[in-house]
Amino acid sequence: MKNFLILPLLLLFFGCEEQGNLTKDGFNIASINQGAILKYNGNFVPTSGISVTGQVKIYFENNQYKVELDGFTISDGPDLKVYLSKAATPNDFVSLGNLTSATIYNVPQGIDVANYSHVLIHCQQYNHLFAIAQLIQN
């Protein structure tokens, strides 16, 4: 009976830590023009057992906020999402979409970015937080 309990626990704790490339799904294609205004930035910090580098920058242009992952690399995992969050935990957030090879994500219209303090990379399938970037206003 103990063996049946150990396997699910191991999958829960280690299921999102496999190294690899980001997925190639580029459905959220966006760009940042030269006239965009840098409003917020922050450096990514990994959670336990995860490797991450890079920073996040949030720009404002043409009445639209855009989140850029700059110099970004992370441990591979299933079902990784990019969240704009009101805290360092994924409790009150807006999903910007799947983490892909794309580095720029549009923030949905009507979202007041000033109310959000963090960008998170979260494994939704296993409810495992991969990385946290606290936003600093420019």
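Keep in mind that this is a model prediction, so the values were computed, not measured.

What counts and what doesn't
- Residues numbered from 1 in each chain as written.
- Predicted model: local features only at pLDDT ≥ 70, side-chain atom pairs only at ≥ 80, totals over all residues.
- Heavy atoms only, no water.
- Salt bridge = Lys/Arg side-chain N within 4 Å of Asp/Glu carboxyl O.
- Helix = DSSP H or I, 4+ residues; strand = E, 2+ residues; numbered from the N terminus.
- Buried < 20%, exposed > 50% of the residue type's maximum accessible area, 1.4 Å probe, protein only.
- Contact = heavy atoms within 4.5 Å.
- Core = buried A, V, L, I, M, F, W, Y, C linked by side-chain atoms within 4.5 Å.

Structural notes on the pattern of salt bridges
- For the coordinates displayed, the defined rule picks out 4 salt bridges.
- For Asp70, the salt bridge goes to Lys57, with nearest N and O atoms at 3.1 Å. Note that Asp70 is positioned in strand β3 (residues 64-74) and Lys57 in strand β2 (residues 52-61), a separation of 13 residues in sequence.
- Here Asp70 falls in the partly exposed class, since its relative accessible area comes to 29%.
- Classification of Lys57 as buried rests on a relative accessible area of 18%.
- Two residues, Lys66 and Glu61, come together in a salt bridge whose shortest N-O distance is 2.9 Å. Across the pair, exposure class does not vary: Lys66 and Glu61 are buried alike.

Observations concerning the environment of Val107
- The residue Val107 is located in the loop between β6 (104-106) and β7 (118-123) in this model.
- Sequence separation of Val107 and Ile58 is 49 residues, and the distance between their C-alpha atoms is 9.4 Å.
- Excluding residues within four positions of it along the chain, Val107 makes contact with Gln64, Tyr65, Lys66, Val67, Leu84, Leu96 and Val113.

Some words on the nonpolar core
- Judged by nonpolar contacts, the single largest core of 28 residues is most densely connected at Phe44, Ile58, Ile74, Leu84, Leu99 and Ile121.
- Looking at this core, the elements with two or more residues in it are β1 (37-46), β2, β3, β4 (80-85), β5 (93-98), β7 and β8 (128-134).
- Top element by residues in this core is β3. It accounts for 5 residues.

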